[in-house]
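# Chains, contacts and geometry: an overview
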Amino acid sequence: MTIFLRNRRSWAAGTATALALASLAALAGTATPASASGRATTAGPATAATATALAPVSAAALNSASPAASAPPASGDPAAPAALTLPRPTGPYTTGRDTLFLTDHERTDPWVPAAGARQLLVSLHYPARPGSGGAPAPYMPEAEARLMLAQRGLDDPEWPGLVAATRTFSRTDARPAPGRFPLVLLSPGFGTPRATLTGLAEELASRGYVVATADHPYESTGTELPDGRVLTCAACDEVAAQPDDAGRRKVLAAVSAGRAADFSLLLDRLTGPRPAWRHARAIDARRVGMAGHSIGGNAAASTMAADRRVDAGVNMDGTFFDQVAARGLGGRPFLMLGTDPGHAPGAGDTSWDEGWARLDGFKRWLTVRDSGHFTFTDTPAIGEQLGIADPDAPLSAARSTTITRAYVTAFFDRSLRGRPARLLDGPTPAHPEVLFQRP
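Here goes a summary of the coordinates provided. (Residues numbered from 1 in each chain as written. Predicted model: local features only at pLDDT ≥ 70, side-chain atom pairs only at ≥ 80, totals over all residues. Heavy atoms only, no water.)

Time to look at helix α9 (residues 350-358). Of the residues making up α9, those classed as buried are S351, W352, G355 and W356. The arc enclosing the buried residues of α9, seen along the axis, measures out at 135°, which places them on a common side. As for α9, its buried residues are in contact with β9 (312-316), β10 (334-340) and β11 (363-369). (Buried < 20%, exposed > 50% of the residue type's maximum accessible area, 1.4 Å probe, protein only. Helix = DSSP H or I, 4+ residues; strand = E, 2+ residues; numbered from the N terminus. Arc of directions from axis to C-beta. Contact = heavy atoms within 4.5 Å.)

Spatially, 10 strands are ordered β3-β1-β2-β5-β4-β8-β9-β10-β11-β12 in an open sheet, and the strand pairing comes out mixed. At either end of the open sheet lies a strand with only one pairing partner, and these are β3 (170-172) and β12 (434-436). Averaged over all pairs of adjacent strands, the angle between their axes in this sheet comes to 25°, without regard to strand direction. The strands touched by α9 within the sheet are β9, β10 and β11, with β11 carrying the most contacts at an inclination of about 155°. (Pairing = 2+ DSSP bridges. Axes fitted to C-alpha atoms, helices over the stretch in contact; angles between N-to-C directions.)

The next subject is the nonpolar core. Grouped together as the largest cluster of nonpolar side chains are 39 residues, with contacts concentrated most on L183, L185, V210, L266, L270, W277 and F334. Of all the elements, strand β2 (residues 117-128) adds the most residues to this core, at five residues. L197, A312, V408 and L424 belong to the second largest nonpolar core, which has 30 residues in total. (Core = buried A, V, L, I, M, F, W, Y, C linked by side-chain atoms within 4.5 Å.)

Of all nine residues in helix α5 (residues 198-206), nine are buried; the element is thus mostly enclosed. All of the buried residues along α5 are T198, G199, L200, A201, E202, E203, L204, A205 and S206. Downstream of α5 by one or two residues, G208 has phi in the positive range, about 95°.

Right, let's talk about unusual backbone geometry for a bit. Negative phi is the rule for most residues except glycine; trans is the rule for most peptide bonds. Going from D340 to P341, the amide bond is cis rather than trans, its omega being 15°. Among the secondary structure elements, P341 is positioned in the loop between β10 and α9. Backbone geometry places Y218, a non-glycine residue, at a positive phi of 65°. With respect to the helices, strands and loops of the structure, Y218 is situated in the loop between β5 (210-215) and β6 (223-224). A positive phi angle is found at S294, which is not glycine, with a value near 60°. By the secondary structure assignment, S294 is in the loop between β8 (283-293) and α8 (295-306). S294 sits in the buried class, given a relative accessible area of 7%.

Each aromatic ring pair is summarised here by two numbers: the centre-to-centre distance and the angle between the ring planes. In total, this model carries eight aromatic pairs according to the counting rule given. A centroid spacing of 6.2 Å and a plane angle of 45° characterise the contact between F320 and F334, whose relative ring orientation is tilted. On the criterion of sequence distance, the pair formed by F320 in the loop between β9 and β10 and F334 in strand β10 is long-range, its members being 14 residues apart. Here F320 and F334 have matching classes, each one buried. Among the aromatic residues, those joined into a cluster by ring pairs are F320, F334, W352, W356 and W365. The side chain of K363 reaches across the aromatic face of W356, ending 4.4 Å from its centre. Lying over the aromatic face of Y209, R417 brings its terminal NZ or CZ to 4.1 Å of the ring centre. (Phe/Tyr/Trp six-rings, centres within 6.5 Å; stacked < 30°, edge-to-face > 60°. Lys NZ or Arg CZ within 6 Å of the ring centre and 35° of its normal.)

A word on the packing of α5 against helix α11 (residues 397-417). Between α5 and α11, whose axes approach to 10 Å, the crossing angle comes to 50°. With respect to α11, the element α5 is oriented oblique. α5 and α11 meet at a crossing whose hand is right-handed. Here G199, L200, E203 and L204 of α5 lie close against α11, whose contacting residues are T404, R405, V408, T409 and F412. (Parallel < 35°, antiparallel > 145°, perpendicular 65-115°, else oblique. Left-handed = near helix turned anticlockwise from the far one by under 90°.)

This next bit is on the side chain of H125. Summarising the element assignment, H125 is placed in strand β2. Setting aside residues no more than four positions away along its own chain, H125 makes contact with G96, R97, S170, T198, A201, E202, A205, Y209, V210 and V211.

What follows is about the pairing of β8. Looking along a regular strand, one sees side chains alternate from face to face of the sheet. Across the 11 residues that make up β8, a large majority, eight, are buried. Taken together, the six bridges between strand β4 (residues 181-187) and β8 define a ladder with parallel strand orientation. Bridging from a neighbouring strand, L185 pairs with M290 of β8. With five bridges connecting them, β8 and β9 associate as parallel partners. By the bridge assignment for β9, G289 is matched with A312. Crossover handedness for the path β8 to α8 to β9: right-handed. (Right-handed = clockwise from strand over helix to strand, strands pointing away.)

Below is the structure:
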């Protein structure tokens, strides 16, 4: 991977952090994700599991990037990077955020049975009353940021704080806006914390959706629980331990199917007779959608196959390790949104061709020119503010954000609200990077 610095004034202060973010972004796109111990692992050639991702950056490369790369900026240094921030949501609602910690007493954790019952940590973003609430919600616990960085041998104590302190636009303890809103479930990529989908969650909430984004225990480099314990990625170790590609694909299929069970639990606890969320009355349980990035996109299809309550799904650049059911999805709509050419028809990931043939409702297959595997997450926005560019994914952060928001929102507006969505009818001059595939 070649890194180009856009802002020469801040290179000395920002290069190390920028490369750290690029490296952590590579995590979920590598053929073998991080081990639970935090060590990088190698287990055979890259497969469709990799999608298109940045190559790992070694600690040695970081140390040689510049003489000052490993040194934190001096206090008051005008070259120090400004506070990181997510793109501002564009909808009419202000947004609030809550956190839920759920336990499924009927299911043992599939990756660490000794841990006992399966648990789930969930961020809930929702339309809020203007002026209500406290401070902006934190982006990510510093312990989680530290583990993501340590997975690539990046141990500078300044870096986790910078990533963790990224500014969000949702406020804690905000009162919900009046009304009932469709629910969208979000699932992150394998090895990746739920925080990386915060920008999309805030956008959807600002447009009148309740959004529940789940961390799946032992499937991320680090998940910090309310009691301070941090769970590491046992599922990643299981993938890395497989002797061949077939074994890795089987484990990843189990990840997707397991997430379907997680989201069925979440739906029970959000929409059942005794809801776990204090603002559950804001949810319209008759209108539920799901989207995910990478393995989380596969999980959207897995969840729809297992749970009829999910009315529509979006896969953002994820291989269908758990294949779309041969019977289809009961005529429910599905959007496939991926990289080009990596997820174009006949490209390397044949699971998209197979999945497309089985989808039996309204469906769209869109690919985005100049995009990368993490185009559909917060990574471009955070990385670009730090002055980095990836020549293999030259789409700007602004365009990455705009395209992801526009098409995901249009799809859910059509599928859950019955609104016209001309954006899904065909190519438009406003988004020349988006290709409509019609295999």
